[in-house]
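Listed below are the residues making up each chain.
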Amino acid sequence: MPLLETRGITVRFGGNLAVDEVSVGIEPGRITGLIGPNGAGKTTLFNTVTGLLRPDAGQVLLDGADITRLPPARRARLGLARTFQRLELFLSLSVRDNVRVAGDIRRAGGHRADVGKETDRVLELTGLSDIADLDVSGIPTGRARVVEVARALMTSPRVLLLDEPASGQTEAETDAFARLLTGLAADGLAICLVEHDLPLVMRLCSTIHVLDYGAVIASGTPREIQESPQVIAAYIGTEEVSA
Ligand SMILES: Nc1ncnc2c1ncn2[C@@H]1O[C@H](COP(=O)(O)OP(=O)(O)OP(=O)(O)O)[C@@H](O)[C@H]1O
């Protein structure tokens, strides 16, 4: 059973059909991939799921409940968290404070928690403890992407949407990141991964949905996706589909 589901989501920007009747499901305990060439509609779909954008048609369901019209903060409280393709961190704050701030906001909203203790736990879990006191402006992009994930984890999400989280990471950082995501999924988190690093997607995801010009052109296991003629055609001239 999917925890998060989109049903027939459609988004138009003027005459441009950015998302075309997309129906996909994200299951707990699994990493679901969402891939496609540039401009395929991946970020736009994320924006409708998190409430930054109202779709022209379709529904978003969380645990079977229709959340299509809820504002982003309500969705966050229900367990939706995301990271952004363009990093959205406070550059002049330390890694610890960037992570902590999500806990402080949640506490201000009435959630009872020891924010300091939870911050330390999340920093440890995400492998950021050694750089916790550095300003985010002074750390490499690859680690900054993990800070975004850590901040998202401070909201105790049930669903985590990741928009190109491995971009800018070294090979070693990507390996550590892959282990982190595998562990989070093993603990029951439902993860949706938008990523251009296709070998990483193939390695981590149990199911992959492929978008092209806003529409789902294929859904299946990594092997099925790699062998799909539609997917190969969509990627010709852009990237390799093979891992
Ligand atoms: N705010 C906007 N106004 C107008 N058009 C937009 C807007 N946001 C996205 N688009 C268009 O919608 C389509 C889908 O864009 P989107 O960013 O969702 O694709 P994407 O798959 O995330 O691409 P990428 O892999 O490059 O991040 C593109 O044609 C894009 O130009």
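All values reported here derive from a predicted model rather than from experimental measurement.

About the criteria used
- Residues numbered from 1 in each chain as written.
- Predicted model: local features only at pLDDT ≥ 70, side-chain atom pairs only at ≥ 80, totals over all residues.
- Helix = DSSP H or I, 4+ residues; strand = E, 2+ residues; numbered from the N terminus.
- Buried ≥ 20, exposed ≤ 12 C-beta atoms within 10 Å, placed from the backbone.
- Contact = placed C-beta atoms within 7 Å.
- Core = buried A, V, L, I, M, F, W, Y, C linked by C-beta atoms within 7 Å.
- Domains from an automatic or database assignment.
- Axes fitted to C-alpha atoms, helices over the stretch in contact; angles between N-to-C directions.
- Parallel < 35°, antiparallel > 145°, perpendicular 65-115°, else oblique.
- Left-handed = near helix turned anticlockwise from the far one by under 90°.
- Nonpolar A, V, L, I, M, F, W, Y, C, P; charged D, E, K, R; others polar.
- Pairing = 2+ DSSP bridges.
- Near = placed C-beta within 6 Å.

**With respect to the overall build of the protein chain**
Right, on to step 1. The helix and strand tally for the protein chain stands at nine helices and ten strands.
Right, on to step 2. In terms of principal-axis extent, the alpha carbons of the protein chain reach across some 50 × 40 × 35 Å.
Right, on to step 3. Burial status across the protein chain gives 42% buried among its 243 residues.
Right, on to step 4. Considering only contacts in the protein chain between residues 6 or more positions apart, those separated by 24 or more positions represent 66%.

**Quick word on the nonpolar core**
Right, on to step 1. Grouped together as the largest cluster of nonpolar side chains are 66 residues, with contacts concentrated most on V147, A150, I191, L193 and V210.
Right, on to step 2. Looking at which element gives the most residues to this core, the answer is helix α5 (residues 141–153), with seven residues.
Right, on to step 3. The two domains that each donate at least three residues to this core are domain 1 (1–79 + 159–243) and domain 2 (90–156).
Right, on to step 4. The contact partners of I191, leaving out residues within four places of it in the chain, are I31, T32, L160, L162, L181, L184 and A185.

**Brief notes about the packing of helix α3 (residues 95–108) against α5**
The description of two packed helices rests on the angle between their axes and on the distance between the axes.
Right, on to step 1. Where α3 contacts α5, the two axes come as close as 7 Å, and the packing angle between them is 30°. Between α3 and α5, the crossing angle belongs to the class labelled roughly parallel. Both α3 and α5 take part in a crossing whose hand is right-handed. Residues V95, N98, V99 and A102 of α3 pack against V147, A150 and R151 of α5.
Right, on to step 2. The residue inventory of the contact of α3 with α5, partitioned by class, reads five nonpolar, one polar and one charged.

**So, the environment of G64**
Right, on to step 1. For G64, the location among the structural elements is in the loop between β4 (57–62) and β5 (65–66).
Right, on to step 2. Under the C-beta neighbour-count criterion, G64 is labelled exposed, with 9 such atoms within 10 Å.
Right, on to step 3. Along the chain, G64 and P165 lie 101 residues apart, while their C-alpha atoms are 28 Å from each other.

**Re the sheet that holds strand β6 (residues 80–82)**
Right, on to step 1. As summarised here, the arrangement of the six strands in space is β6-β7-β8-β3-β9-β10, forming an open sheet in which the pairing is mixed. Two strands in the sheet have a free side with no partner beyond their single neighbour: β6 and β10 (215–220). Averaged over all pairs of adjacent strands, the angle between their axes in this sheet comes to 20°, without regard to strand direction.
Right, on to step 2. Two elements, strand β7 (residues 159–163) and strand β8 (residues 190–194), share five bridges in a ladder whose sense is parallel. For L162, the partnering residue across the bridge sits in β8 and is L193.
Right, on to step 3. Against the sheet, helix α1 (residues 42–50) engages β3 (31–35), β6, β7, β8 and β9 (207–212), with an angle of about 150° to β7.

**Thoughts on the site of the ligand**
Right, on to step 1. Residues in contact with the ligand, as listed here, are F13, N16, A18, G36, N38, G39, A40, G41, K42, T43, T44 and Q85.
Right, on to step 2. Counting only elements with at least two residues in the shell around the ligand, the list comes to β2 (16–26) and α1.
Right, on to step 3. Among the elements that line the shell around the ligand, the one with the most residues is α1, at three residues.
Right, on to step 4. Taken together, the residues that form the shell around the ligand break down as three nonpolar, eight polar and one charged.

**Quick look at the pairing of β8**
Looking down a regular strand, the side chains alternate between one sheet face and the other.
Right, on to step 1. With five of its five residues buried, β8 lies for the most part within the structure.
Right, on to step 2. With burial as the criterion, each face of β8 is covered, one bearing A190, C192 and V194 and the other bearing I191 and L193.
Right, on to step 3. In terms of strand pairing, β3 meets β8 through four bridges, oriented parallel. Residue pairing across strands places G33 opposite L193, the latter belonging to β8.

**Focus on the domain arrangement of the protein chain**
Right, on to step 1. Along its sequence, the protein chain is carved into domain 1 (1–79 + 159–243) and domain 2 (90–156).
Right, on to step 2. Once you take the C-alpha centre of each, domain 1 and domain 2 turn out to be 24 Å apart.
Right, on to step 3. At the interface, eleven residues of domain 1 touch ten residues of domain 2.
Right, on to step 4. Within the residue set of the side of domain 1 that touches domain 2, elements represented by two or more residues are β7 and α6 (171–186).
Right, on to step 5. The biggest single contributor to the side of domain 1 that touches domain 2 is α6, with four residues.

**Side note on the sheet that holds β2**
Right, on to step 1. Taken in spatial order, the four strands of this open sheet run β2-β1-β4-β5, and their pairing is antiparallel. Sheet topology places β2 and β5 at the edges, where each strand pairs with a single neighbour.
Right, on to step 2. Two elements, β4 and β5, share two bridges in a ladder whose sense is antiparallel. When the bridges of β5 are listed, L61 appears paired with D66.
Right, on to step 3. The strands touched by α1 within the sheet are β1 (4–13), β2 and β4, with β1 carrying the most contacts at an inclination of about 120°.

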